[in-house]
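What follows is each chain in one-letter form.
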Amino acid sequence: MSPYEILVVVFLTAFVLLIGGSVIALLWAPKTKNAQKAEQYESGIPTRGTSWMQFNVGYYLIAILFLMFDVEAVLLFPWAVVMKGLGANGLLAVAFFLVVLILGLAYAWRKGALEWK
Amino acid sequence: MSLELSGLINAIHEGLTGAIEAQWLVSLIEYVLVGAGLLALYALIALFLIIFERKICAWFQCRLGPNRVGPWGIFQVFADMLKIMFKEIIPLKHNDKLLFYAGPCIVVIGSFLTFGGLQFAEGVHGVDLNIGVFYLLAVSSISIVGVMLAGWSSNNKYALIGAMRSGAQVISFELSACLSMMAVVILGGSMNLSTLMEKQEDLWFIFQAPVPMLIAMVIYLIAAHAETNRGPFDLPEAESELTAGYHVEYSGMTFGYFYVAEYCNLFINAAIGALVFLGGWQAFHIPGCDGFNAVMDMCPSYVWFFLKCLFFIFMSLWVRWSFPRLRIDQLLHLEWKIMLPFSLFNILLVAVWVIIF
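Every chain is numbered on its own, with residues counted from 1 as its sequence reads. Just so you know, chain letters begin at A and ligand numbers begin at 1, following the order they were written in. Predicted model: local features are reported for residues with pLDDT of at least 70 only, side-chain atom pairs are reported and counted for 80 or more only, and whole-chain, interface and lining totals are derived from all residues.

Student: Which residues make up the interface of chain B and chain A, and what values do they have?
Tutor: Many analyses report the size of an interface as the accessible area lost when the parts associate. This entry defines residue contacts through backbone-placed C-beta atoms, with two residues in contact when those atoms are within 7 Å. Opposite the 64 residues of chain B that make contact, chain A presents 55 residues. Elements with a contribution of two residues or more to the side of chain B that touches chain A: helix 2 (23-60), helix 4 (97-116), helix 7 (157-188), helix 12 (252-277) and helix 15 (328-356) of chain B. The dominant element in the side of chain B that touches chain A, judged by the number of residues it contributes, is helix 7 of chain B, at 14 residues. Charged means Asp, Glu, Lys or Arg here, nonpolar means Ala, Val, Leu, Ile, Met, Phe, Trp, Tyr, Cys or Pro, and polar covers whatever is left, Gly included. By residue class, the composition of the side of chain B that touches chain A is 43 nonpolar, twelve polar and nine charged. Under the DSSP-based scheme used, a helix requires at least four consecutive residues in state H or I and a strand at least two consecutive residues in state E, with every element numbered from the N terminus.

Below is the structure:
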């Protein structure tokens, strides 16, 4: 069996798990209608306004920084596999790449992107 | 007689091939068996970890824990499972229905796909891709999409704050987990988990290059712990401030999915740590001591694997019930200013180590 066939099997099995649990819940779980119960659960008092609104920009900065390092990780993984064969030359090339990245992190650090305000 | 499971699997395969002519039917039955086996293991591990955590937590707090249902309370978890299945799924009025129900589904699918990529014993594994480590890292981060959807679609401020915190935390710590895995890939020279297992037959990776691997393991354990939203890193769920975080609006089985996925992620993180640092299902061997190695080999490989997983899980619970919660600025400080520079440095260190030794 090729691994990709198993991947499909695993994916379908996850759906079996979801559908199985949901069917049991839909068949046996009680269903009631209650206007109070259908409200959001916040602090016991009626909620004011919607929650779909603008949010702290700090999370966006974190996501952008994550993107930078995640792409870097994708680029480095192939190098990591063949590292032993490449030897010192490969390490030197990647060290330059890492230095550029670390400079990027240092820049973000200096600019205060890592501070939580 | 061998206690290994691979013999049983081969016997089933040969029995099926002998009994049934049509090749497609044999494949189909085998696929169903693989799926059923993984599903049963997934559910059993979740159930076991729930009772395990409740007991361990109780002992840390000088309590007895569940002790009424069955001997030592072990059937409590089955009672809880039945209860959660038959509980009402409250129909909410103000949420986004499609995204609301897609959230837990994506969380479970991400968790199960990762679970399928593990190696449980010698010759017993799910998806064994040539990019195995990369696959595990990739599919384990699908879950966070579900968490974000759940928090956003609930139309609840606590859920939204919880989801945002969870997103920032998981993606931050994923970097460190990713980079510490890269250190393993450099040392092993492959991303295929079976190949990595073979390379650890004589010595586990943690002993092959003790200094960089120890740094990588510590970074991985902290990052994996943070990714499960547990312990000192439980700000997304912070009971005392956010009631329950991103799953505050979920009830019945929809909550049950989050719960199962959380406990399975605990196992999955421990298992990945055990596979890449402590040799997975490989027994503890010392090169040259053949007598000692033979004694160690008497223990079946799945026992080794699950013992190592239990060790990591116990460490995780220990940390969880021992430390107070961090603030989000402390959390981001820990990741971006301490762990990330350390793991980048560790990549270079392990590369130099590989060249020198």
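Let's pick the thread back up.
Student: I'd like to hear about the packing of helix 6 (residues 143-153) of chain B against helix 7 of chain B, residue by residue, with values.
Tutor: All names here are of chain B. Across the interface, helix 6 lies against helix 7 with an axial gap of 7 Å and an inter-helix angle of 160°. It follows that helix 6 is roughly antiparallel to helix 7 by the angle criterion. Note on packing geometry: the crossing formed by helix 6 with helix 7 is left-handed. Each of I144, V147, M148, A150, G151 and W152 in helix 6 lies in contact with helix 7, whose residues at this interface are A159, L160, G162, A163, M164, S166, G167, V170 and I171. Taken together, the residues of the contact of helix 6 with helix 7 break down into eleven nonpolar, four polar and no charged. Only the contacting stretch of a helix is used when fitting its axis, a line to C-alpha atoms as for every element, and angles between N-to-C directions run 0 to 180 degrees. Should an angle fall under 35 degrees it is called roughly parallel, over 145 degrees roughly antiparallel, and 65 to 115 degrees roughly perpendicular, with every other angle called oblique. A clockwise turn of the near helix away from the far one marks a right-handed crossing, whereas an anticlockwise turn of less than a right angle marks a left-handed crossing.

Student: Tell me what's going on with the nonpolar core, and back it up with residues and numbers.
Tutor: Residues and elements named next belong to chain B. In plain words, the nonpolar core is the set of buried Ala, Val, Leu, Ile, Met, Phe, Trp, Tyr and Cys residues that C-beta atoms within 7 Å link up. Residues are called buried when their C-beta atom has 20 or more other C-beta atoms within 10 Å, exposed when it has 12 or fewer, and partly exposed otherwise; all C-beta atoms are positioned from the backbone. In terms of nonpolar packing, the biggest core is built from 126 residues, with M182, I186, C264 and F267 touching the most fellow members. Per-element tally for this core: the top contributor is helix 7, with 21 residues. Beyond its immediate sequence surroundings of up to four residues, C264 is in contact with Y42, I45, A46, S111 and F115.

Student: Tell me what's going on with the confidence of the model for chain B, and back it up with residues and numbers.
Tutor: Residues and elements named next belong to chain B. For every residue, the predictor assigns a confidence score, pLDDT, that lies between 0 and 100. The share of residues in chain B with pLDDT of 70 or more is 99%, and the mean pLDDT across the chain is 86. Taken element by element, the predicted model of chain B shows its lowest mean pLDDT in helix 11 (residues 239-242) (73) and its highest in helix 4 (90). In the model output, the complex is listed with pTM 0.90 alongside ipTM 0.87.

Student: Go over the environment of C299(B), please, and point to the residues and values.
Tutor: Residues and elements named next belong to chain B. Position of C299 among the secondary structure elements: in the loop between helix 13 (290-297) and helix 14 (301-320). On the neighbour-count criterion, C299 (13 C-beta atoms within 10 Å) is partly exposed. Taking the C-alpha atoms as reference points, C299 and E4, 295 residues apart in sequence, are found 9.3 Å from one another. Ignoring anything within four residues of it in the chain, the contact list for C299 reads A283 and W304.

Student: Please provide a residue-by-residue account of unusual backbone geometry, values included.
Tutor: Residues and elements named next belong to chain B. For W72, which is not glycine, the phi torsion reads 55° and is therefore positive. Counting through the fold element by element, W72 comes out in the loop between helix 2 and helix 3 (76-85). Looking at W72, the number of C-beta atoms within 10 Å reads 13, which means it is partly exposed. Backbone geometry at N229 places phi at a positive 55°, although glycine is not the residue there. Along the chain, N229 turns up in the loop between helix 10 (210-227) and helix 11. A count of 22 C-beta atoms within 10 Å places N229 in the buried class.

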